[in-house]
2 protein chains.
Amino acid sequence: MEKSEFSRNVILCNGQFPSHHIPLSILLAAHTRICCDGAANVLYKKKLQPRVVIGDLDSIEPEIKDAFADILVHNSDENTNDQTKAIQWAVSQGIKDVVILGATGKREDHTLGNISLLVAYAKMLSVCMVTDYGIFTPISSTTVFQSFVGQQVSIFSLSQNKEISSEQLKYPLSHKTLQSWWEGTLNESLAQSFRIVCNNAEVLVFQKFT
Amino acid sequence: MEKSEFSRNVILCNGQFPSHHIPLSILLAAHTRICCDGAANVLYKKKLQPRVVIGDLDSIEPEIKDAFADILVHNSDENTNDQTKAIQWAVSQGIKDVVILGATGKREDHTLGNISLLVAYAKMLSVCMVTDYGIFTPISSTTVFQSFVGQQVSIFSLSQNKEISSEQLKYPLSHKTLQSWWEGTLNESLAQSFRIVCNNAEVLVFQKFT
């Protein structure tokens, strides 16, 4: 079997359904599709079989709810969103790595919430989020990223007081704290890889596809 | 003249062109349209006249660049994005209030950057961002918001150490600091208005349209 760059465990959220070929190919190639509530409607119409459908299940069309009756996991906890319920289920099943798809592109408050939760999930399993534009990876310590010359890169710190440095980025960070979300945006890779240096921090790295 | 709820000074960014009737009607009713770079292409095709087109101007189609030759403002400052260049131009013209449209919906790193910059702009003029889903308003002190029962509301704090309280929200905040972006999401208005209590903070309030 050809080794995939991405995990084959996928969580499909109920944001905008992927249209870019990279998230679409990840979704198609997945062997475990964990589906958040209303996203089941699209998955069903695409004839893609989820392993499980999780949420308060009030967004699924009745016919599709019937078709997926055996794999529904009802969870109406108001303190967590559906994406988090899906992560919790993955962890409960012993899943060690997962790619999140369809988590952005509709309501911006959901987009912000979903993206920021990556740093919490990273404490439980290996996780990234693939959108129609690029990849978000949460890190907490120094990490090397595979890249290409000219790749657009943005760095978001969720730990306002932690210092971040970089190597092989056009606009280098040197022991810098990022107070605002925009401060680490619009950087660019200078090589086949770049390095983000941090320690015990909560940092999100976005890499644009092309 | 009928009083508009929103400013009639509009900045159109180069994210996803609005499709919801509220941002579209704001764009149509605007008397001053400040257009960021590549967004000029769409505005031209929609036969809407901008007052000015601002940016490094490398994303405008040649024919459209010619059509708008008299109103181009070239600004290639690498330290600010086009949205900020548009705000700076507005301030330089004495404009006191502005609505930002088309700032989200494409690259998520741009979306995050653009949204977060609202708190910086709020120090210079009255500003809000209207998307296809709702309205982001930056505040720094206690503010009452017009609302309706059941309106979905999310609160994002960019000052992790500042306390926030709320009145007339379903899940009340009481002297709470919001450490993560998801913590203040998915709240709900209980009345025709709600109140966010904070002092000398940087807070973004999102109100969903319906």
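Reading the values: rules and limits
- Residues numbered from 1 in each chain as written.
- Chains lettered and ligands numbered in written order.
- Predicted model: local features only at pLDDT ≥ 70, side-chain atom pairs only at ≥ 80, totals over all residues.
- Heavy atoms only, no water.
- Contact = heavy atoms within 4.5 Å.
- Buried area = accessible area lost by both parts, 1.4 Å probe.
- Salt bridge = Lys/Arg side-chain N within 4 Å of Asp/Glu carboxyl O.
- Polar contact = N/O pair within 3.5 Å; in protein donor to acceptor, adjacent residues only side chain to side chain.
- Helix = DSSP H or I, 4+ residues; strand = E, 2+ residues; numbered from the N terminus.
- Axes fitted to C-alpha atoms, helices over the stretch in contact; angles between N-to-C directions.
- Parallel < 35°, antiparallel > 145°, perpendicular 65-115°, else oblique.
- Left-handed = near helix turned anticlockwise from the far one by under 90°.
- Nonpolar A, V, L, I, M, F, W, Y, C, P; charged D, E, K, R; others polar.
- Buried < 20%, exposed > 50% of the residue type's maximum accessible area, 1.4 Å probe, protein only.
- Least-squares fit on C-alpha atoms with pLDDT ≥ 70 in both.
- Domains from an automatic or database assignment.
- Phe/Tyr/Trp six-rings, centres within 6.5 Å; stacked < 30°, edge-to-face > 60°.
- Disulfide = S-S within 2.5 Å.
- Pairing = 2+ DSSP bridges.

## Regarding the interface of chain A and chain B
Counting from both sides, the interface comprises 30 residues of chain A and, opposite them, 30 residues of chain B. Here chain A meets chain B over a buried area of about 3,100 Å², counting both sides, of which 64% is carbon and sulfur. Contact with chain B buries surface across chain A, with R107, E108 and W181 of chain A losing the most and accounting together for 25% of the total. At the junction of chain A with chain B, the criterion picks out zero salt bridges. Counting across the interface, chain A meets chain B through 14 residue pairs in polar contact (both at pLDDT 80 or more). Secondary-structure elements contributing two or more residues to the side of chain A that touches chain B are α5 (108-121), β8 (152-157) and β11 (193-208) of chain A.

## A word on the packing of helix α4 (residues 82-92) of chain A against α5 of chain A
Residue and element names in this part refer to chain A. Contact geometry for α4 and α5: axes closest at 10 Å, N-to-C directions at 25 degrees. Of the possible angle classes, the one that applies to α4 and α5 is roughly parallel. Relative to α5, the crossing made by α4 is right-handed. Mapping the contact onto sequence places Q83, T84 and I87 in α4 and N114, L117 and Y121 in α5. Within the contact of α4 with α5, the residues separate by chemical class into three nonpolar, three polar and no charged.

## Examining α4 of chain A
The set of residues buried in α4 of chain A consists of Q83, T84, K85, A86, I87, W89 and A90 of chain A. Phi turns positive one or two residues past the end of α4 of chain A, at G94 of chain A, with a value near 80 degrees.

## What to know about the relation of the copies chain A and chain B
The operation relating the two chain copies consists of a rotation about an axis and a shift along that axis. When chain A is fitted to chain B, the residual RMSD is 0.0 Å, and the transformation amounts to a turn of 180 degrees plus an axial shift of 0.0 Å. Such a turn and shift between the copies fits a two-fold axis. No C-alpha of chain A approaches the rotation axis more nearly than that of G105 of chain A, which lies at 2.8 Å. Here 100% of the interface residues in chain A have copies in chain B that are interface residues too; the copies meet face to matching face.

## Considerations on the domain arrangement of chain A
Residue and element names in this part refer to chain A. Per the domain assignment, the segments of chain A are domain 1 (9-132) and domain 2 (137-208). If you average the C-alpha positions of domain 1 and of domain 2, the two centres end up 27 Å apart. Facing 10 residues of domain 1, the contacting portion of domain 2 comprises eight residues. At the boundary of domain 1 with domain 2, total buried surface from both sides reaches about 640 Å², with 78% on carbon and sulfur atoms. Interface area lost by domain 1 to domain 2 is led by L112, L118 and V119, which between them contribute 50%. Linking domain 1 with domain 2 are one salt bridge, by the criterion used here.

## Remarks on the packing of aromatic side chains
Residue and element names in this part refer to chain A. Considering all chains together, one arrives at nine aromatic pairs over all chains under this definition. When the centroid spacing of 5.6 Å and the interplanar angle of 85 degrees are considered together, the rings of Y44 and F68 count as edge-to-face. With Y44 in helix α2 (residues 39-45) and F68 in the loop between α3 (62-67) and β4 (72-74), the pair connects residues that are 24 residues apart, well separated along the chain. The partly exposed category is assigned to Y44, whose relative accessible area is 31%. Taking the relative accessible area as the measure of exposure, F68 reaches 4% and is therefore buried. Between F145 and F194, the aromatic rings sit 5.1 Å apart at their centres with planes inclined by 10 degrees, giving stacked as the arrangement. Separated by 49 residues along the polypeptide, F145 in strand β7 (residues 134-146) and F194 in strand β11 bring together distant segments of the chain. In this structure, F145 and F194 share a single accessibility class: buried.

## A look at the state of the cysteines
Counted under the stated rule, the structure contains zero disulfides over all chains. C128 of chain A takes part in no disulfide bond, and the closest cysteine sulfur to it belongs to C13 of chain A, at a distance of 12 Å. With relative accessibility at 11%, the residue C128 of chain A sits in the buried group. Not part of a disulfide, C36 of chain B finds its nearest cysteine sulfur in C13 of chain B, a span of 4.1 Å. When its relative accessible area of 1% is taken as the criterion, C36 of chain B is described as buried.

## A short note on the pairing of β8 of chain A
All names here are of chain A. In terms of burial, β8 is a largely internal element, five of the six residues being buried. Taken together, the two bridges between β8 and strand β10 (residues 187-188) define a ladder with antiparallel strand orientation. Bridging from a neighbouring strand, Q152 pairs with E188 of β10. In this structure, β8 lies alongside β11, joined through five bridges in antiparallel fashion. The partner of V153 across the bridge, within β11, is Q207.

## Here's the deal with the pattern of salt bridges
All names here are of chain A. For the coordinates displayed, the defined rule picks out 14 salt bridges over all chains. E61 serves as the salt-bridge partner of K45, at 3.0 Å between the closest nitrogen and oxygen. Of the two residues, K45 is situated in helix α2 and E61 in the loop between β3 (52-55) and α3; the sequence distance between them amounts to 16 residues. When its relative accessible area of 54% is taken as the criterion, K45 is described as exposed. For E61, a relative accessible area of 33% puts it in the partly exposed group.

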